[in-house]
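Below, each chain spelled out in residue letters.
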Amino acid sequence: MTDIAKSAEIVDTAARTATAIAQFTDSAPLGVAEAYQIQAKSIDHRLARGETMAGVKMGLTSRAKMAQVGVHEVIWGRLTDAMRLEEGGALSRKRYVHPRIEPELAYLLKAPLAGEVSAAEALCAVEAIAPAMEIIDSRYRNFKFALADVIADNSSSSGFVIGPWSRPDRDCSNLGLVMEVNGRTVELGSTAAILGDPIRSLVAAARLAGPSLGGLKAGWIVLAGGATAAHSLAVGEHVRTVIQNVGAVSIRVEE
Ligand code: 0L1
Ligand code: MG
């Protein structure tokens, strides 16, 4: 049987010290339900150190990523306030194992949301939307893992940066976006890559994450998921994402 507490300590220490670890599934089978228990306990360590819950990230939200991992369901992870990076600021490369960055759309909730909700109901709970980027940093060696491993490791979430918030009064189902590194386009895509429409990701967050978290709370952020492949970060890079009709967000990478 999996020792949930011990596994949670292992992923928490790996994240805190930016140290690569072996996949749990290399040594023993691990179920999805157990993996979410490990995730919850590992985040409890952060909360005990004074961090506070800031929301939820949705992962594997594009067909391409689902196919890569061989699954048909999205996954989720927890966001804390300490994971948020200053928009236009810098991240320290040495605090991560092998960080990648991906362009996302963020939702800010003004009302709680949980369980089975329609897209219209989900939208009614949204205060604002913003361009965003998530830093994913699998703690597993060589960024290799099985589904349960990645869930236990907070679905690879390790940081996020949010651009200016604006009213959610436009159709976000198919907005063009570009991610640039030092002014050169590295990824080009559309918000339609996020489950066909990113609002579906918020619906999934309410259904999948809501029950474990006592509902998604007003004031929380929901990252809808990567809209393109992720880019591996290197020192000296300035990464900027622009989403059509929504805005821009950027970050620099330092030592
Ligand atoms: O946010 C994501 O879609 C990433 C989820 C985990 C898979 C990965 O780390 O690439
Ligand atoms: Mg993501």
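In what follows, the structure referred to is the one given above.
Nothing here was measured: the structure is a model prediction, and the numbers come from that model.

Draft legend 1. Here's a closer look at the sheet that holds strand β9 (residues 184-190). The strand order across the open sheet built from five strands is β4-β13-β12-β8-β9, with neighbouring strands paired in mixed fashion. Strands at the two margins of the open sheet, each flanked by one partner only, are β4 (90-92) and β9. Direction aside, the axes of adjacent strands within the sheet are offset by 20° on average.

Draft legend 2. Just unusual backbone geometry, in detail. With a phi angle near 50°, Ala18 is a residue other than glycine that sits in the positive phi range. Within the fold, Ala18 resides in the loop between α1 (4-17) and α2 (32-48). Look at Ala18 and you get partly exposed, because its relative accessible area is 23%. Non-glycine residue Ser156 carries a positive phi angle of around 65°. Of note, Ser156 is situated in the loop between α5 (147-152) and β7 (157-162).

Draft legend 3. Broad picture of the coordination of the magnesium ion (ligand 2). Donor atoms from the polypeptide that bind the magnesium ion (ligand 2) are Glu102 (OE), Glu104 (OE) and Glu134 (OE), placed at 1.9 to 2.0 Å. Each donor residue of the magnesium ion (ligand 2) belongs to the same chain, and together they define the spacing E-x1-E-x29-E. One end of the pair, Glu104, is in strand β5 (residues 100-109); the other, Glu134, is in strand β6 (residues 126-136), with 30 residues separating them in the sequence. The same class applies to Glu104 as to Glu134, namely buried.

Draft legend 4. The site of ligand 1, seen in detail. Around ligand 1 sit Lys57, Gly59, Leu60, Lys65, Glu102, Glu134, Ile136, Phe143, Phe145, Val150, Ser155 and Ser156, and that is every residue in its neighbourhood. One of the side-chain N or O atoms of Lys57 is found 2.8 Å from an oxygen atom in ligand 1. Here Lys65 contributes a side-chain N or O atom positioned 3.2 Å from an oxygen atom of ligand 1. For ligand 1, whose free accessible area comes to 300 Å², the fraction covered by protein is 95%. Most atoms of ligand 1, that is more than half of them, are within 2 Å of grid points of the largest pocket. Counting residues per element, the ones that place at least two in the shell around ligand 1 are β1 (53-59) and β6.

Draft legend 5. A look at empty space enclosed by the protein. One pass over the structure, following the stated rule, counts one cavity of 30 Å³ or more. Put simply, the largest cavity is a space of about 40 Å³. Lining the largest cavity we find Val11, Asp12, Ala15, Ser42, Arg46, Arg139, Ala152, Asp153 and Asn154. Counting residues per element, the ones that place at least two in the lining of the largest cavity are α1 and α2. The greatest single-element share of the lining of the largest cavity, amounting to three residues, is contributed by α1.

Draft legend 6. Highlighting the packing of α1 against α2. Running from N to C, α1 and α2 cross one another at 55°; their axes reach a closest spacing of 8 Å. With respect to each other, α1 and α2 are oriented oblique. Pair α1 / α2 crosses with right-handed handedness. Residues Ile4, Ala5, Ser7, Ala8, Glu9, Val11, Asp12 and Ala15 of α1 lie in contact with α2, whose contacting residues are Glu34, Gln37, Ile38, Lys41, Ser42, His45 and Arg46. Grouping the constituent residues of the contact of α1 with α2 by class yields six nonpolar, four polar and five charged.

Draft legend 7. Local environment of the packing of aromatic side chains. Applying the stated criterion across every chain yields a total of four aromatic pairs. Judged by centre distance (6.2 Å) and plane angle (80°), the ring pair of Phe24 and Tyr140 falls under edge-to-face. Pair noted here: Phe24 is in the loop between α1 and α2 and Tyr140 is in the loop between β6 and α5, with a separation of 116 residues, a long-range link. Considered together, Phe24 and Tyr140 belong to a single accessibility category, that of buried residues. With centroids separated by 6.3 Å and ring planes inclined at 55°, the aromatic side chains of Phe143 and Phe145 adopt a geometry described as tilted. Phe145 sits in the partly exposed class, given a relative accessible area of 25%. Pairwise contacts between aromatic rings join Phe24, Tyr140, Phe143 and Phe145 into one cluster. One Lys or Arg, Arg100, reaches over the ring of Phe143 and ends 3.7 Å from the middle of that ring.

The rules behind the values
- Residues numbered from 1 in each chain as written.
- Chains lettered and ligands numbered in written order.
- Predicted model: local features only at pLDDT ≥ 70, side-chain atom pairs only at ≥ 80, totals over all residues.
- Heavy atoms only, no water.
- Pairing = 2+ DSSP bridges.
- Helix = DSSP H or I, 4+ residues; strand = E, 2+ residues; numbered from the N terminus.
- Axes fitted to C-alpha atoms, helices over the stretch in contact; angles between N-to-C directions.
- Buried < 20%, exposed > 50% of the residue type's maximum accessible area, 1.4 Å probe, protein only.
- Donors = N, O, S within 2.8 Å, 3.2 Å for Na, K, Ca; no water.
- Near = heavy atom within 4 Å.
- Polar contact = N/O pair within 3.5 Å; in protein donor to acceptor, adjacent residues only side chain to side chain.
- Areas by Shrake-Rupley, 256 points an atom, 1.4 Å probe, with all protein chains shown as cover.
- 1 Å grid on protein atoms, 1.4 Å probe; cavity = no way out; pocket = protein on both sides within 12 Å on 5 of 7 lines; lining within 4 Å.
- Sits in = over half its atoms within 2 Å of the grid points.
- Points joined across faces, edges and corners; volume = space filled by probe spheres on them.
- Parallel < 35°, antiparallel > 145°, perpendicular 65-115°, else oblique.
- Left-handed = near helix turned anticlockwise from the far one by under 90°.
- Contact = heavy atoms within 4.5 Å.
- Nonpolar A, V, L, I, M, F, W, Y, C, P; charged D, E, K, R; others polar.
- Phe/Tyr/Trp six-rings, centres within 6.5 Å; stacked < 30°, edge-to-face > 60°.
- Lys NZ or Arg CZ within 6 Å of the ring centre and 35° of its normal.

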